[in-house]
Amino acid sequence: MIIAPSILSIKKEDLRNKLNEFLTNNIKYLHIDIMDGIFVTNNTEKAELLESINDYPFYYEAHLMVKDPLNYLESFKNAKANMITFHYEAVDNVLETINEIKKMGLDVGISIKPKTDVKVIEPYLSLIDLVLIMSVEPGYGGQSYLDSADDKIKYLAEYKKNHHLNYLIEVDGGINPELAIKISKLGCDMVVMGSYLVKNDVKETVSRLEKI
Ligand code: DX5
Ligand code: ZN
């Protein structure tokens, strides 16, 4: 199971220590939550947030919880994002958004909110690198996992197998090790972990999940 820590709930003064701890424990992916106060009510720094930490050798996934993600592509490319994940619900033209991200040489992920039917992204599954299933309403860390994600994971895993595709299935929101173990059995490849890793030991969490 791949662990992608979210930095959303880490206090600024603790951030560099925590990033070093992630590296020491062989964590390779970092999940950067970006919010615009429009697509979600919460607001964050944008590409400057990534710029302030991109000297680490992580694979950076920018989870853009923003309306009109196309407006952000250039700044995130310049800030050395490796993957841009945008929300299906936030764009008028999904195909154009995928193509623009690819043109920049970046990997592309599509995210869906808890109430969005997973089938709406079916036409795009052969074109993308990752699906990000939201298991909480996007906007805040520290919420509880919504079981509605379970069937979406199963559906995407089955679809991937039947169509010989290789997108990653990532799940975001309310994840702890017990849930990660449960959803890995459903076909989840990668979990985002925010508040759990703020409150708990990174080494122990990694060692529990590296085997699955
Ligand atoms: C929520 C964000 C998540 C969040 C996860 O909108 O997309 O990435 O930081 O945090 P936890 O693990 O606390 O739910
Ligand atoms: Zn996220």
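Counting starts from 1 at the beginning of each chain's written sequence and moves along it residue by residue. Written order decides the labels, with chains lettered from A and ligands numbered from 1. Since the coordinates come from a predicted model, pLDDT governs what is reported: local features require at least 70, and pairs of side-chain atoms require 80 or more to be given and counted, while whole-chain, interface and lining totals use all residues. Values reported for side chains reflect all heavy atoms of the structure, with hydrogen atoms and water molecules removed beforehand.

S.K.: In this structure, what is going on with the site of ligand 1? I would like to understand it.
M.R.: When at least one non-hydrogen atom of a residue lies within 4 Å of a molecule or strand, that residue is treated as near it. Close to ligand 1 lie 19 residues; Gly139, Gly142, Asp172, Gly174 and Ser195 are nearest. At a separation of 2.7 Å, an oxygen atom of ligand 1 approaches a polar backbone atom of Gly139. In this analysis the probe radius is 1.4 Å and the grid spacing 1 Å, with only protein atoms considered; a cavity is a set of points the probe fits into but cannot get out of, a pocket is an open set with protein on both sides within 12 Å along at least five of seven lines, and lining residues have an atom within 4 Å of a point. In this description, a molecule resides in a pocket or cavity if more than half of its atoms sit within 2 Å of the grid points defining it. A majority-of-atoms criterion places ligand 1 in the largest pocket. Helix and strand definitions follow DSSP, with helices as H or I runs of at least four residues and strands as E runs of at least two, each counted in order from the N terminus. At the level of elements, strand 2 (29–35), strand 3 (59–65) and strand 8 (190–193) are the ones that each hand at least two residues to the shell around ligand 1. Two N or O atoms form a polar contact when they lie within 3.5 Å of each other; inside protein one atom must be a possible hydrogen donor and the other a possible acceptor, and for residues adjacent in sequence the pair counts only when both atoms belong to side chains.

S.K.: Can you walk me through the environment of Ile7 in this structure?
M.R.: Tracing the backbone shows Ile7 in the loop between strand 1 (2–5) and helix 1 (15–24). By relative accessible area, Ile7 is classed as buried at 7%. Separated by 172 residues in the primary sequence, Ile7 and Leu179 place their C-alpha atoms 20 Å from one another. Throughout, a residue-residue contact means that at least one pair of heavy atoms, one from each residue, lies within 4.5 Å. Setting aside residues no more than four positions away along its own chain, Ile7 makes contact with Leu15, Leu19, Leu30, His31, Ile32, Leu49 and Ile53. Between buried and exposed lies partly exposed: a residue is buried under 20% and exposed over 50% of the maximum accessible area for its type, with that area taken using a 1.4 Å probe on protein chains only.

S.K.: What's the story with the sheet that holds strand 8 in this structure? I'm lost.
M.R.: Consider a sheet: its strands pair through backbone hydrogen bonds, and that pairing is either parallel or antiparallel. Strand pairing is defined by DSSP finding a minimum of two bridges between the two strands. Taken in spatial order, the eight strands make up an open sheet running 1-8-7-6-5-4-3-2, and their pairing is parallel. At either end of the open sheet lies a strand with only one pairing partner, and these are strand 1 and strand 2. Each adjacent strand pair in this sheet contributes to an overall mean axis angle of 25°, direction not counted. Note on geometry: axes are lines fitted to C-alpha atoms, helical ones only across the stretch in contact, with angles between N-to-C directions running from 0 to 180 degrees. Together, strand 4 (83–87) and strand 5 (107–112) form the strand contacts of helix 4 (residues 94–103), whose direction differs from that of strand 5 by roughly 150°. Along the sheet face, helix 5 (residues 148–162) touches strand 5, strand 6 (130–134) and strand 7 (168–172) and points at about 170° away from the line of strand 7.

S.K.: Looking at this model, I keep getting lost on unusual backbone geometry. Mind explaining?
M.R.: Trans peptide bonds make up most of the peptide bonds, and negative phi angles are found at most residues other than glycine. Despite not being glycine, Asp68 has its phi angle at roughly 55°, a positive value. With respect to the secondary-structure elements, Asp68 resides in the loop between strand 3 and helix 3 (73–78). Its relative accessible area of 36% is what places Asp68 among the partly exposed residues. Look at Lys80: it is not a glycine, yet its phi comes out positive at around 70°. Turning to its location among the elements, Lys80 is positioned in the loop between helix 3 and strand 4.

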